[in-house]
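Report on the structure
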Amino acid sequence: MGKIAFRSRVGVVLLICLALLAVLILVSLAVGTRSLTPEEILTGLTSQRKTAASIIIWRMRMPRTVLAIVVGAALAVAGVVMQGLTRNPLAEPGILGVNAGASLAVVLSLSVLGVGDVDGYLWFAFAGAALAAVLVQLMARRSADAGPARLVLAGVALGASLHAITGTITMYDAKAFESYRFWVVGSLEDRDASLLTWLWPFLAVGLLLALASGLTLNALALGEEQARALGVSPARVRGLALISITLLCGASTAAVGPISFVGLVVPQVLRLALGADQRRLLLVSLVAGPVLLLAADVVGRVLIRPDEMEAGIVTAFIGGPVLLAMVIRRSEAGAQ
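Residues numbered from 1 in each chain as written. Predicted model: local features only at pLDDT ≥ 70, side-chain atom pairs only at ≥ 80, totals over all residues. Heavy atoms only, no water.

1. Re the overall build of the chain
The number of helices and strands found in the chain is 14 helices and zero strands. In the chain, the succession of helices and strands from N to C terminus is α-α-α-α-α-α-α-α-α-α-α-α-α-α. For 336 residues, the compact-globule estimate of 2.2 N^0.38 gives 20 Å, and the chain sits close to it at 20 Å. Along the longest, intermediate and shortest principal axes, the C-alpha atoms of the chain span 65 × 60 × 40 Å. Considering only residue pairs separated by 6 or more positions, the chain has 76% of its internal contacts joining residues 24 or more positions apart. Distance from the positive charge centre (26 side chains) to the negative charge centre (19 side chains) of the chain: 10 Å. (Helix = DSSP H or I, 4+ residues; strand = E, 2+ residues; numbered from the N terminus. Rg over C-alpha atoms; globule rule 2.2 N^0.38 Å. Contact = heavy atoms within 4.5 Å. Lys, Arg positive; Asp, Glu negative; His and termini not counted. Charge placed at Lys NZ, Arg CZ, Asp CG, Glu CD.)

2. Looking at the packing of helix H4 (residues 98-111) against helix H7 (residues 174-184)
Contact geometry for H4 and H7: axes closest at 9 Å, N-to-C directions at 150°. Relative to H7, H4 is oriented roughly antiparallel. Here H4 and H7 pass one another in a crossing that is right-handed. Each of Ala102, Ser103, Val106, Val107, Leu110 and Ser111 in H4 lies in contact with H7, whose residues at this interface are Ala176, Ser179, Tyr180, Trp183 and Val184. Of the residues contributing to the contact of H4 with H7, the split by class is eight nonpolar, three polar and no charged. (Axes fitted to C-alpha atoms, helices over the stretch in contact; angles between N-to-C directions. Parallel < 35°, antiparallel > 145°, perpendicular 65-115°, else oblique. Left-handed = near helix turned anticlockwise from the far one by under 90°. Nonpolar A, V, L, I, M, F, W, Y, C, P; charged D, E, K, R; others polar.)

3. Overview of the nonpolar core
When a protein is soluble and globular, its nonpolar side chains tend to lie buried together. Ranked by size, the top nonpolar core spans 86 residues in total, and within it Val81, Leu96, Leu199, Leu248 and Leu270 carry the most contacts. The biggest single contributor to this core is helix H3 (residues 52-86), with twelve residues. Setting aside anything within four residues of it in sequence, one finds leucine 96 in contact with Met82, Ala132, Val136, Leu151, Gly155, Leu242 and Ile245. (Core = buried A, V, L, I, M, F, W, Y, C linked by side-chain atoms within 4.5 Å. Buried < 20%, exposed > 50% of the residue type's maximum accessible area, 1.4 Å probe, protein only.)

4. Thoughts on the packing of H3 against helix H12 (residues 262-274)
At a minimum axis separation of 7 Å, H3 and H12 run at an interaxial angle of 70°. Accordingly, the angle class assigned to the pair H3 and H12 is roughly perpendicular. For the element pair H3 and H12, the recorded crossing hand is right-handed. Here H3 contributes Gly72, Leu75, Ala76, Gly79, Val80 and Gln83 to the contact with H12, which in turn contributes Val262, Gly263, Leu264, Val266, Pro267, Gln268 and Arg271. Looking at the contact of H3 with H12 residue by residue, the class counts come to seven nonpolar, five polar and one charged.

5. Concerning helix H13 (residues 278-303)
The end-to-end C-alpha distance of H13, which contains 26 residues, comes to 35 Å, matching closely the 38 Å that a straight helix rising 1.5 Å per residue would cover. The largest bend along H13 measures about 45° and falls at serine 285. (Expected span 1.5 Å × (residues − 1). Bend = angle between axes of the 7 residues up to and from the residue.)

6. A closer look at a nonpolar patch on the surface
On the surface, Leu131, Val134, Leu135, Leu138 and Met139 cluster together into a nonpolar patch covering about 460 Å² of accessible area. Relative to the elements of secondary structure, methionine 139 occurs in helix H5 (residues 118-140). Given the relative accessible area of 41%, methionine 139 is considered partly exposed. (Patch = residues over 30% accessible without salt bridge, like charges linked within 9 Å, V, L, I, M, F, W, Y side chains within 5 Å. Areas by Shrake-Rupley, 256 points an atom, 1.4 Å probe, with all protein chains shown as cover. Salt bridge = Lys/Arg side-chain N within 4 Å of Asp/Glu carboxyl O.)

7. Digging into the environment of valine 284
Here valine 284 is to be found in helix H13. Assessed through its relative accessible area of 0%, valine 284 is described here as buried. For the pair formed by valine 284 and leucine 14, sequence separation is 270 residues and the distance between their alpha carbons is 5.9 Å. Ignoring sequence-local partners within four residues, the contact set of valine 284 consists of Val10, Val13, Leu14, Cys17, Leu270 and Leu274.

8. Quick word on the state of the cysteines
Applying the stated rule across the entire model yields zero disulfides. Here cysteine 17 stays unpaired: no disulfide links it, and the sulfur of cysteine 249, its closest cysteine neighbor, is 20 Å away. Residue cysteine 17 is classed as buried on the basis of its relative accessible area of 9%. (Disulfide = S-S within 2.5 Å.)

9. Focus: the confidence of the model for the chain
The predicted model of the chain averages 83 in pLDDT, with 90% of residues at 70 or higher. Averaged over each element, pLDDT in the chain is lowest for helix H14 (residues 311-335) (73) and highest for H13 (93). (pLDDT = per-residue confidence, 0-100.)

10. Observations concerning the environment of valine 205
Tracing the backbone shows valine 205 in helix H8 (residues 194-212). Under the relative-accessibility criterion, valine 205 is labelled partly exposed at 43%. Spatially, the C-alpha atom of valine 205 lies 7.6 Å from that of leucine 247, the residues being 42 residues apart in sequence.

11. Looking at the side chain of serine 109
One can find serine 109 in helix H4. When its relative accessible area of 1% is taken as the criterion, serine 109 is described as buried. Each residue touching serine 109, except ones within four places of it in the same chain, is listed here: Gly114, Val115, Tyr121 and Phe124.

This is how it looks when you write it as structure tokens:
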């Protein structure tokens, strides 16, 4: 009976997230510099004629909405994998230095190569994120296994070093800083459908690896000795998890810039509702992540109209208090 009740709880949470996502998709299509009525949205989606509503929806808001859904799912799933890998509920994807690697690569492409638009430095951002993740793994591997604590320390150390280099370059290159500062806050604005063309293979592979790792991450949560006794190789689990995190975070960061806290907040909220089973967390985070990022994007569009507040700033406003509450809660639990 308890197992059936728990499964029904998973179903309820999933249905709630799906309902919220459906509402947010409609709101995302409606809200912007020019608001659209439900009738205009329906006509714009179904009409064969090129009306003003159809152009706004298909060329501007639909690609942005789909990108928010894809990136939100990627960051949330990566957060679940990261917390399961490090066995640290406060961990989030940026802790591996992925964001720092992408940021340095973007600044170098702007400053050294003179790249001036988003399409130009996408691949540099992805390469920088991937290289940072590989370096973290190499730094952590003094032996055949890289423990979670060592992995986190290596990521924090490398991230701090890369951010210092990035800050030094932007300090002396005002032109590079002007372009970089709009990317680094994390935004879905002015992103077109072509991003999805190159984004989906990386995200598809990353999501498949992440979803397939649920059972092995559950075993790893019991401890490395227990995992080995169950026939699970900790080194192999960490390797596949790192590949998954690199693909998901690297592609997402390259496309929209560093967006923090999605990978922290979503797993935490779901863990309170669903428990610690990584398989259920991974499944529901596929929908809960898009809910958070799309909500942040919509709020950013209406908060300071007619201007926009970037989604990365909105998620920081949401995630900051959540992180503080988690730290206080853990401190109180440790004091008891």
